[in-house]
Amino acid sequence: MPAGDLDEVTEAVLGHVARISAFPVDRLRADQPLIDELGFDSLMLTDLFTSLKRQWPRWRFDESAADRPTAGRIAALIATGSADAADAAVPVQRDGHDGAAHAEDAHGDGAPPQAPAAPAAAPLPEEHTRIECFPEVAAHGERIATFDRTGLRNPYFLVHEGGMTDTTVIDGRELLSFSGYNYLGMATHPQVNEAAKRAIDACGTSASASRLLSGSRPLHLELEAELADLLGCEAAVTLANGHATNVTVIGHLVGPGDLVIHDSLAHDSILQGCKLSGATRRPFPHNDAAALDAVLGQVRHQYRRVLVVIEGVYSMDGDIADLPALIEVKHRHGALLMIDEAHSIGTIGATGRGVGEHFGIDRPAVDLWSGTLSKALASCGGYVAGRREVVEYLRYTVPGFVYSAGMTPADTAASLTALRLLRAEPQRVARLAENAALFVRLARAAGVDIGDSHDTPVVPCIVGDSLKTLRLAEALFQRGISVNPILYPAVPEEMARLRFFITADHTPEQIRDAVAALEQELGRLAAADAGDPADAGEAPDPADAPDPADAARAA
């Protein structure tokens, strides 16, 4: 491949990198690591490789291209590995006079020449015509088959046979539960259950229409007014699904010519909203306001609107957004700020009002406060709150609200009652904070890697290997403890973990038992790695596991 061709390929690759990364192309170098220096994540790399494959269809993608990639390295792989790396050949154009002569030769009567018969089309490959043959479907099947090959139980889609509080029942067996985010115990509270039943009696099981038309009920208006008051905002609107709330609001408010810059650990709902919007998407290093400031200093002028999206409490790591510093950056660069409080509303702040209360933030400093109703607020749905004019605009225009049925009466009543209990019983928030602090203190003392979790009820146990994480989850399950493994590709392989959700209903004794079991099973894993059969002995018989109910009574 001549050097000139490689230069052209490199220039084209840099153009794609600039489009995806939001950096001006004249500030990019071919040797810059896309991940470490330009902040590319897995979705951005997928976007890049898809675009390159579209431009060079005969390039056979090599997985090595995704290993610490640079534009220069990718360009070299394309230039040496693709038959169409050079500019596509321009079809030979006949000279007009020659064409006329040929036409006369073939058709003396001046009739137009007949087009040659099209060659028979090759059959389309099944991976293009059958969903079950899509490569990604096959890859998923391979991942699931891993469970069979390891002999470990599939930890997904386990059926929990009742309400989930500090305990749960699976296959008729009661376990100590750290696998659900019923943080304040509201989802199983008798008053919440009764309110949901009364709502069904009064309004039926469905809103039966879009709220814009005939789906609004008095319960909806009460919930929205009390949510706005809880958050210190002028108004709020509720939607039937929490994930869809972020998707539809982000997708609606920004578009091509705009930039969404989000924390690198942002929830999938935020990423999907970015994709829907058509705006340029770029992550910034986790909870690093200085890095956000630096990026916006370089690229803010290129975009009409810039939306910064963060979480109040990060759902995988259990740390809290550095909100005061991020607000300063937002003001400095004329950006908008949206906070997803899915795991922070009801869990932090002296009275559970979330990250704004935790830091004592003037609420209008944040443009949009969003969250879910499925965690501390005990039902299912989402909300977004802010200035009255903004919320009113969303009520009339945001697609996920306008073109969807309203929240069910039962869900609405459940969240409304949970919100009122939150106000009436702030001791629930205090007890949750005490339990989370106890778990964190004991885990750190036991040498458990909990990352940066602090002051929140989300506590990871970072194992750093998906197979070991599965084994650890199974060992704890056999000991009567339910906790979910989070594996690659949901997190990077080196960050594979168990994720513990602490609740206000847990007792100190339950927490001590769980951390002691976790420490022992981590020790067994380490001993197995070191080849010490004595320390890596069989896990205790499930019959010897502590009874969660007994632990609760003992406390």
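About the criteria used
Residues numbered from 1 in each chain as written. Predicted model: local features only at pLDDT ≥ 70, side-chain atom pairs only at ≥ 80, totals over all residues. Heavy atoms only, no water. Helix = DSSP H or I, 4+ residues; strand = E, 2+ residues; numbered from the N terminus. Contact = heavy atoms within 4.5 Å. Areas by Shrake-Rupley, 256 points an atom, 1.4 Å probe, with all protein chains shown as cover. Pairing = 2+ DSSP bridges. Axes fitted to C-alpha atoms, helices over the stretch in contact; angles between N-to-C directions. Salt bridge = Lys/Arg side-chain N within 4 Å of Asp/Glu carboxyl O. Buried < 20%, exposed > 50% of the residue type's maximum accessible area, 1.4 Å probe, protein only. Polar contact = N/O pair within 3.5 Å; in protein donor to acceptor, adjacent residues only side chain to side chain. Expected span 1.5 Å × (residues − 1). Arc of directions from axis to C-beta.

## A closer look at the overall build of the protein chain
Then step 1. From N to C terminus, the protein chain includes 20 helices and 13 strands.
Then step 2. Relative to all contacts within the protein chain whose residues are 6 or more apart in sequence, the contacts with residues 24 or more apart total 68%.
Then step 3. Working note: accessible area of the protein chain is about 26,100 Å², and carbon and sulfur atoms make up 54% of it.

## Regarding the sheet that holds strand S12 (residues 484-486)
Then step 1. Strand order in the open sheet formed by three strands is S10-S13-S12, and the pairing between neighbours is antiparallel. The two strands at the open ends of the sheet, each matched to only one other strand, are strand S10 (458-462) and S12. With direction set aside, neighbouring strand axes in the sheet form an average angle of 35°.
Then step 2. Pairing analysis gives three bridges linking S12 to strand S13 (residues 497-501), with the strands arranged antiparallel. Across the sheet, the residue bridging to Asn-484 is Arg-499, located in S13.

## A word on the pattern of salt bridges
Then step 1. Taken as a whole and assessed by the stated rule, the structure comprises 24 salt bridges.
Then step 2. Put simply, Arg-29 and Glu-37 hold a salt bridge, and the shortest N to O gap is 3.8 Å.

## A look at the environment of Gln-510
Then step 1. Looking at the secondary structure, you find Gln-510 in helix H19 (residues 508-530).
Then step 2. Of the residues examined, Gln-510 reaches a relative accessible area of 0% and is grouped as buried.
Then step 3. With 75 residues separating them along the chain, Gln-510 and Asn-435 place their C-alpha atoms 10.0 Å apart.
Then step 4. Side-chain polar atoms of Gln-510 contact the side chain of Asp-166, separated by 2.9 Å.

## Brief notes about helix H2 (residues 42-55)
Along an α-helix, a turn takes 3.6 residues, which lines up residues three or four apart on a common side.
Then step 1. For H2, which comprises 14 residues, the first-to-last C-alpha distance of 20 Å matches the rise-based estimate of 20 Å (1.5 Å per residue) to within 8%.
Then step 2. The complete set of buried residues in H2 reads Met-44, Leu-45, Leu-48, Phe-49, Ser-51 and Leu-52. Down the axis of H2, the buried side of the element spans an arc of 160°, and every buried residue falls inside it. Among the exposed residues of H2, those pointing more than 90 degrees away from its buried face are Ser-42 and Arg-54.
Then step 3. By the N-cap criterion, in which a side-chain oxygen at the helix start approaches the backbone nitrogen of a residue two or three places on, H2 is capped by Asp-41, the distance to Leu-43 being 3.2 Å.

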